[in-house]
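# Chain and residue survey
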Amino acid sequence: MTTSEQLFQQAQTHIPGGVNSPVRAFKAVGGTPVFIERSEGAYVFDAAGKRYVDYVLSWGPMLVGHNHPAVREAVVKQCEKGLSFGAPTALETELADRLCEIMPGMDMVRMVNSGTEATMSAIRLARGFTGRDRIIKFEGCYHGHSDSLLVKAGSGALTLGVPSSPGVPAALADHTMTLTYNDIDGLRQAFDEYGDSVACVIVEPVAGNMNCIPPLPGFLETLREQCTAHGAVLILDEVMTGFRFGLQGAQGHYGIEADLTTLGKVIGGGMPVGAFGGKREIMEHIAPLGPVYQAGTLSGNPVCMAAGLATLELISQPGFYQPLFERTTRLCEGLEAAAREAGIAFTTNHAGTMFGGFFTTESTVSNYQQVMACDTAAFNRFFHAMLEAGVYLAPASYEAGFMSAAHSDADIEQTLTAARSAFASL
Ligand code: PMP
């Protein structure tokens, strides 16, 4: 029995499925999840000491690389002063000021503890602000596991075949309308019919929870236009895309301004942090300024704020992003070339520092239906061959991959060498 097999067996006695978040269980790809002991730069090391080039990056947060000394030092320094006070600190103001300086259209921001909390709170705020109940989301987009949003959801919900989870009251799900991502006509029709009863639209500006699907030209623009025309709040869920396209997130990259933006992952540099923020006239409806209630014992936690600030400092350095964009492109081009050599039908998408591979004969993949039609069995075999060769990809074909500043040309080469053998073995 391997060390991970042993640890996984022990974990299952008192933890449902042996994991604290479902996709970690390797249910989609089969086999035993790798138990990680430590991380450094572009690598994670399992409990038996094996090194993996990591493209999961804790599901996105580790943009500067794992265990970056500057982030670690900021955390340790804050720990020496205390872990939590439940009272305001200057660090929270510093991070809020910085975010509002960077993000287009963000006048005010509230810190929370996860992406789920950020989107759940943003939805409540949009409903409270507009006095409407109906929300619109897109099939295959994942916005965390709050009731209203666990309807036709992506990521682990999709992987485990429960995109609409039992336990979500039908009466609540009825208020969630689900449209097809990148379907501009469908969007216009829905707004023509229901627009004036829509509280908000929530969207991943680049979908990263049904693999990696960038927006088609006109999709986000139409969303912006329709929300404005019908008085609906546009929530850009940048929990995943935030800081992965440059400091201004996907909205800066695509030139679309949100009414509310949700953040998570990178903003905490590996610590549990989320945030929602946006236009002053909407944010002023949040308690204690306004009547929409939202709170958190550990929200704005000083250790988390310190990690976030240190991460922001690193990614704000001039020239931080360009090498990451280039390496993401090189990786995708290399994977496609490797597949071609082996005669495997395969294509990739990438945007910013996010990427995804698809086992399909289609030359482009731009919607949910196309993602669902991909050969998951081929992905699963590819995944295990890569893992064996020391490359850690997300353990499901519905997840985006991520690049970090720590991934070197040599890491990309190792990945492509592994991919050539993996494709050949299919
Ligand atoms: N929104 C998006 C776009 C996400 O990708 C995720 C998590 N992958 C969430 C929200 C939920 O964040 P968390 O897991 O921190 O609750």
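Because the structure is a prediction, the values reported are computed rather than measured.

### Focus on the site of the ligand
Close contacts around the ligand come from 17 residues, with S114, G115, T116, G144 and V239 the closest. For the shell around the ligand, the class distribution of residues is 4 nonpolar, 11 polar and 2 charged.

### A few points about the packing of helix α7 (residues 184–194) against helix α8 (residues 219–230)
Taken N-terminus to C-terminus, the directions of α7 and α8 make an angle of 5°; their axes are 10 Å apart at the nearest point. Here α8 runs roughly parallel to α7, going by the angle between their axes. Residues I184, L187, R188 and F191 of α7 form the contact with α8, whose participating residues are F219, T222, L223, Q226 and H230. Residues belonging to the contact of α7 with α8 are distributed by class as follows: 5 nonpolar, 3 polar and 1 charged.

### Regarding the sheet that holds strand β3 (residues 51–54)
Across the sheet, which stays open at both edges, the 4 strands sit in the order β1-β2-β3-β13 with mixed pairing between neighbours. Single-partner strands in this sheet number two, and they are β1 (36–40) and β13 (391–392). Direction of pairing for strand β2 (residues 43–46) relative to β3: antiparallel, over a ladder of 3 bridges. In the strand pairing of β3, V44 is matched with Y52.

### Some words on the UniProt feature "modified residue: N6-(pyridoxal phosphate)lysine" (unreviewed entry) in the chain
In the numbering adopted here, UniProt assigns the feature "modified residue: N6-(pyridoxal phosphate)lysine" (unreviewed entry) to K265. Summarising the element assignment, K265 is placed in the loop between β9 (260–263) and β10 (274–278). Dropping the residues within four chain positions of it, K265 is found in contact with W59, G60, P61, G115, V239, M240 and G242.

How each quantity is defined
Residues numbered from 1 in each chain as written. Predicted model: local features only at pLDDT ≥ 70, side-chain atom pairs only at ≥ 80, totals over all residues. Near = placed C-beta within 6 Å. Nonpolar A, V, L, I, M, F, W, Y, C, P; charged D, E, K, R; others polar. Axes fitted to C-alpha atoms, helices over the stretch in contact; angles between N-to-C directions. Helix = DSSP H or I, 4+ residues; strand = E, 2+ residues; numbered from the N terminus. Parallel < 35°, antiparallel > 145°, perpendicular 65-115°, else oblique. Contact = placed C-beta atoms within 7 Å. Pairing = 2+ DSSP bridges. UniProt positions renumbered as here; feature names shortened; annotations may be inferred.

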